[in-house]
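# Working through the structure, step by step
Spelled out, the chains give:
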Amino acid sequence: HAYASFGSGNQESLPIANIRETLIDFYEQHYLKSLALYKLVVLGKESLEELDLLVHRYFDELAQALESHSQPCNELLPQLFPPITNWQVPQRLHIIPVSPVHSIELQFPMPSQMAHWQSKPTRYISHLLGHEGQGSLLSLLKQKNYAISLYADDSSRSCIPWSIFTVR
């Protein structure tokens, strides 16, 4: 699963020989090839001509790298996000926060919902769980002093072959 690995560390917790070269290889393998997925939006008070000059000045090198290294999105995405055949759930993680935060996040992996873009079935679940009115889950949790907020939504807003429904 894409979220199954630890996402940060330091020299003590990441004792990897040649870490710089390893990071450069990782960048070239996963970021440089994926430049086709990036988009640039520019907003400013300058004229369109001035903005165009700024974009060329600061991003032409990146555009050249894009042309020489990247792959089309439809070829790249299956490599970056291969179909998940074994979700390895349920999993339970205990994390000791560095600041006094009291929260819980539940993540439910599921197939991509892109095919259901018109009906948006996970939106129904999001609205039912996220409703804040009388008789809602949040009002019950607030009465018991278990929660002050509730968030529920899915992450299927891209063209990857899986999604995660999150409740916080």
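## A few points about the overall build of the protein chain
- Check the secondary structure of the protein chain and you find five helices and three strands.
- Reading the protein chain from its N end, one meets helices and strands in the order α-α-α-β-α-α-β-β.
- For the protein chain, buried positions account for 16% of its 168 residues.
- If you take every contact in the protein chain between residues at least 6 apart in sequence, the share linking residues at least 24 apart comes to 64%.

## Considerations on the pattern of salt bridges
- Overall, the coordinates contain one salt bridge when judged by the stated rule.
- The residue Glu-105 makes a salt bridge to Arg-168 at a minimum N-O spacing of 3.0 Å. Residue Glu-105 is located in the loop between helix H3 (73–80) and strand E1 (106–111), and its partner Arg-168 is located in the segment after strand E3 (162–167); the two are separated by 63 residues in the primary sequence.

## Description of the sheet that holds strand E2 (residues 152–154)
- Overall, antiparallel pairing links the three strands, which are arranged E1-E3-E2 in an open sheet. The open sheet is flanked by E1 and E2, the only strands paired with a single partner. Adjacent strand axes in the sheet meet at a mean angle of 15°, parallel and antiparallel pairs treated alike.
- Direction of pairing for E1 relative to E3: antiparallel, over a ladder of six bridges. Looking at the pairing, Phe-108 lines up with Phe-165 of E3.
- The strands touched by helix H4 (residues 121–130) are E1, E2 and E3; relative to E2, the strand with the most contacts, the crossing angle is about 165°.

## As for the nonpolar core
- Counting seven residues, the largest nonpolar core consists of Met-110, Leu-138, Ala-147, Leu-150, Ala-152, Phe-165 and Val-167.
- Not counting the four nearest positions on each side in its chain, Leu-150 is found in contact with Leu-129, Leu-137, Leu-138, Val-167 and Arg-168.

## Some details on a negative patch on the surface
- On the surface, a cluster of negative charge is made up of Glu-46, Glu-49, Glu-50 and Asp-52.
- Note on placement: Glu-46 falls in the loop between helix H1 (19–31) and helix H2 (48–69).

## Describing unusual backbone geometry
- Phi is positive for Lys-120, close to 45°, though the residue is something other than glycine.
- Examined against the element boundaries, Lys-120 turns out to sit in the loop between E1 and H4.
- Take Lys-120: its relative accessible area is 40%, and that puts it in the partly exposed class.

## A word on a nonpolar patch on the surface
- A surface patch of nonpolar side chains, amounting to about 540 Å² of accessible area, comprises Leu-40, Val-42, Leu-54, Tyr-58, Phe-59 and Leu-62.
- In this structure, Leu-62 sits in helix H2.
- Judged by relative accessible area, Leu-62 falls into the partly exposed class, the value being 42%.

The rules we used
- Residues numbered from 1 in each chain as written.
- Predicted model: local features only at pLDDT ≥ 70, side-chain atom pairs only at ≥ 80, totals over all residues.
- Heavy atoms only, no water.
- Helix = DSSP H or I, 4+ residues; strand = E, 2+ residues; numbered from the N terminus.
- Buried < 20%, exposed > 50% of the residue type's maximum accessible area, 1.4 Å probe, protein only.
- Contact = heavy atoms within 4.5 Å.
- Salt bridge = Lys/Arg side-chain N within 4 Å of Asp/Glu carboxyl O.
- Pairing = 2+ DSSP bridges.
- Axes fitted to C-alpha atoms, helices over the stretch in contact; angles between N-to-C directions.
- Core = buried A, V, L, I, M, F, W, Y, C linked by side-chain atoms within 4.5 Å.
- Patch = residues over 30% accessible without salt bridge, like charges linked within 9 Å, V, L, I, M, F, W, Y side chains within 5 Å.
- Areas by Shrake-Rupley, 256 points an atom, 1.4 Å probe, with all protein chains shown as cover.
- Lys, Arg positive; Asp, Glu negative; His and termini not counted.
- Charge placed at Lys NZ, Arg CZ, Asp CG, Glu CD.

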